[in-house]
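One-letter residues, chain by chain:
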Amino acid sequence: MKLCREFRLWKLILLLVFVVIFLQIFHMSLLSKLESKETEDFSQINKVLLEIESKVRKPHKLDKSGTYNVIPNVIQASRRPTMNSENLTIITQCTSNHLHHLVELTEFFQGPVSVAVFTYVNDVQNAVRSIAYYHFCNKFIRQFVTFHMVYPTDTPPINNPSWDVTFDCDTPPTNTNNANYAIEGIEYPHNLLRNLALKYSRTSHIFLIDIDMIPSRNLKEVFLKNQKNYFLKKTTFISRSAHVVPAFELKNGYEVPKNRMELIDMWEKNIIRPFYEEVCWKCQKYTDYDKWRASESELTSAYHVDFHDPWEPYYIAAKSIPLYDERFKQYGFNRISQICEMHIAGYQFSVLTDVFLVHKGFKHTQEFHKTKNDELDKNRILFRKFKNELKTKYKESVRRC
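For the structure given in this document, a descriptive report is provided here. This structure is a prediction, so every number in the text was calculated from the model and none was measured.

Cut-off values and rules
- Residues numbered from 1 in each chain as written.
- Predicted model: local features only at pLDDT ≥ 70, side-chain atom pairs only at ≥ 80, totals over all residues.
- Heavy atoms only, no water.
- Helix = DSSP H or I, 4+ residues; strand = E, 2+ residues; numbered from the N terminus.
- Buried < 20%, exposed > 50% of the residue type's maximum accessible area, 1.4 Å probe, protein only.
- Contact = heavy atoms within 4.5 Å.
- Areas by Shrake-Rupley, 256 points an atom, 1.4 Å probe, with all protein chains shown as cover.
- Pairing = 2+ DSSP bridges.
- Salt bridge = Lys/Arg side-chain N within 4 Å of Asp/Glu carboxyl O.
- Axes fitted to C-alpha atoms, helices over the stretch in contact; angles between N-to-C directions.
- Disulfide = S-S within 2.5 Å.
- Parallel < 35°, antiparallel > 145°, perpendicular 65-115°, else oblique.
- Left-handed = near helix turned anticlockwise from the far one by under 90°.
- Nonpolar A, V, L, I, M, F, W, Y, C, P; charged D, E, K, R; others polar.

Here's the deal with the overall build of the protein
- Helices and strands together make up the secondary structure of the protein, namely eleven helices and 13 strands.
- Per-residue burial over the protein gives 52% buried out of 401 residues.
- Considering only residue pairs separated by 6 or more positions, the protein has 82% of its internal contacts joining residues 24 or more positions apart.
- Carbon and sulfur atoms make up 53% of the accessible area of the protein, which amounts to about 20,700 Å² in all.

Okay, structure coming up:
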């Protein structure tokens, strides 16, 4: 019996030894694979960074004015939709110090995003570093966001003799709250950036927003679920329809509402309010927020609204919309000019009742940059000229802005 017990004990010890040896071999194999994967990822990152540098140093496209270099598809999303697929792409633009907004935007939307990034001689390395950081270090941005770049020809980054665009996923880029159009001595070309991001989007429909805005979580689901009823009917009326998504401002320190009912509850508590309610109420009031709030149904529905100058809603529409006039730069009239043209071209506007758009933080008049009024006056003159040009472009239209 004693010999038998000793034999069983040695058998158990040998079995444990073999298990330990097996686990060590497995562990070493796993470490080897991880090291190989890290080397592969590092190699891929270097490859992409070199490709970006090559594109920036040897630009091959100019905008139609000849004053900006345009670099489409600097980094492409890993899950790009097929060309002209029946889907929805968010179109947006910014400078490199605002790219962090993509983190929350993509987490909420989880669909295609096309973003044009404006840079210039002193910022280009930071722009490339930020684009690479968010692409490689955030799974939703890597999957869904395609980046484009624009920089002025008179402040080219190609003269920089050396580049240092290394980054660490544990250390996000430094961000500031400076407005896009607060870059001293350089005009911010909103509409050129919008057109670039729009032209290189790949879906049938687009939703153009500012990068610091967040759509309701159900936006993509609502589009995909109701596209045949609202968005994709092959008629002239439907193809010239814009579906307005009501925009709101959220008080700092609060989370974006999960759904419409929660938004309305926060609205009643003055935690959330209609977008631009303080800054330019006439620019948003024609969305008819009272009617939107009174709508009881959680199902997708829409109510028609007539265009009124200077209304500038955020909307979903077919990609074939009129492009933005690239003469408008800095603050003022850059969006209303395009919506004015849509109106004159025969577009109908309807407001969707079960989706929304949120800007984090209340907008206040005193927060605008110091040259805002001068830019507004300059662009107001251009807008008057633009409206006269539309009369010639759409001779048969009786509509006016």
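Quick word on the pairing of strand 4 (residues 145–152)
- Within strand 4, eight of the eight residues are buried, which leaves it mostly tucked inside the rest of the structure.
- Where strand 1 (residues 68–75) lies against strand 4, five bridges are found, and the strand directions are antiparallel. Across the sheet, Ile71 pairs through a bridge with Met149, a residue of strand 4.

Regarding the pattern of salt bridges
- Scanning the entire structure with this criterion turns up 14 salt bridges.
- Asp265 is the salt-bridge partner of Lys269, the closest N and O atoms lying 3.1 Å from each other.
- Linking Arg335 and Glu312 is a salt bridge whose minimum nitrogen-to-oxygen distance equals 3.9 Å. With Arg335 in the loop between strand 11 (315–318) and helix 10 (336–344) and Glu312 in the loop between strand 10 (302–305) and strand 11, the pair connects residues that are 23 residues apart, well separated along the chain.
- Looking at Arg335, the relative accessible area reads 7%, which means it is buried.
- Here the salt bridges share partners, and the residues they tie into one network are Glu249, Arg273 and Glu278.

Digging into the sheet that holds strand 8 (residues 247–250)
- In spatial order, the strands read 6-13-8-9; together these four strands make up an open sheet with mixed pairing. Every interior strand has two partners, whereas the edge strands, strand 6 (213–215) and strand 9 (272–274), have only one. Taken over all neighbouring pairs, the strand axes of this sheet differ in orientation by 30 degrees on average, direction set aside.
- Here three bridges tie strand 8 to strand 9, and the two strands are oriented antiparallel to one another.

Digging into the state of the cysteines
- Counted according to the given criterion, the structure contains three disulfides.
- Disulfide pairing is shown between Cys137 and Cys169; the S-S distance is 1.9 Å. Given an S-S torsion of about -75 degrees, the disulfide between Cys137 and Cys169 has left-handed geometry. You can see Cys137 sitting in helix 3 (residues 124–137) and its partner Cys169 sitting in the loop between strand 4 and helix 5 (190–199), a full 32 residues away along the chain.
- On the basis of relative accessible area, Cys169 is assigned to the partly exposed category, the value being 39%.
- Indicated for the protein is the disulfide connectivity 1-2, 3-4, 5-6, based on numbering the bonded cysteines in sequence order.

Quick look at unusual backbone geometry
- Between Asp309 and the following residue, Pro310, the backbone shows a cis peptide bond with an omega angle of 10 degrees.
- You can see Pro310 is positioned in the loop between strand 10 and strand 11.
- A positive phi angle, near 55 degrees, is found at Asn73, a position not held by glycine.

Comments concerning the packing of helix 10 against helix 11 (residues 372–393)
- Here helix 10 crosses helix 11 at 20 degrees, and the two axes come no closer than 11 Å. Regarding the angle of helix 10 to helix 11, the classification is roughly parallel. Here the hand of the crossing between helix 10 and helix 11 comes out right-handed. Residues Ile336, Ser337, Cys340, Glu341 and Ile344 of helix 10 form the contact with helix 11, whose participating residues are Phe383, Phe386, Lys387, Leu390 and Lys393.
- Split by residue class, the contact of helix 10 with helix 11 holds six nonpolar, one polar and three charged.

Quick notes on the environment of Val150
- Structurally, Val150 can be placed in strand 4.
- Each C-alpha atom, one on Val150 and one on Leu192, is 8.6 Å from the other, the two residues being 42 residues apart in sequence.
- Residues contacting Val150, with those up to four places away along its chain left out, are Tyr68, Asn69, Val70, Val117, Phe118, Thr119, Leu192, Leu193 and Leu196.

Regarding the pairing of strand 12 (residues 348–352)
- Along strand 12, four of the five residues are buried, which leaves the element largely enclosed by surrounding structure.
- Judged from the four bridges that link them, strand 10 and strand 12 form a sheet pairing that is antiparallel. Within strand 12, the position partnered with Val305 by the bridge is Phe349.

Describing helix 5
- Taken across its ten residues, helix 5 has nine buried, putting it largely inside the fold.
- Among all positions in helix 5, only His190, Asn191, Leu192, Leu193, Arg194, Asn195, Leu196, Ala197 and Leu198 are buried.
- On its buried face, helix 5 sits against strand 1, strand 2 (85–95), strand 3 (113–118), strand 4, strand 5 (203–208) and helix 10.

Overview of the side chain of Gln284
- With respect to the element layout, Gln284 can be found in the loop between strand 9 and helix 9 (289–294).
- Among the residues examined, Gln284 registers a relative accessible area of 1% and is labelled buried.
- Discounting residues that sit within four places of it in the chain, Gln284 has contacts with Phe275, Tyr276, Tyr289, Trp311, Glu312, Pro313, Tyr314 and Arg335.

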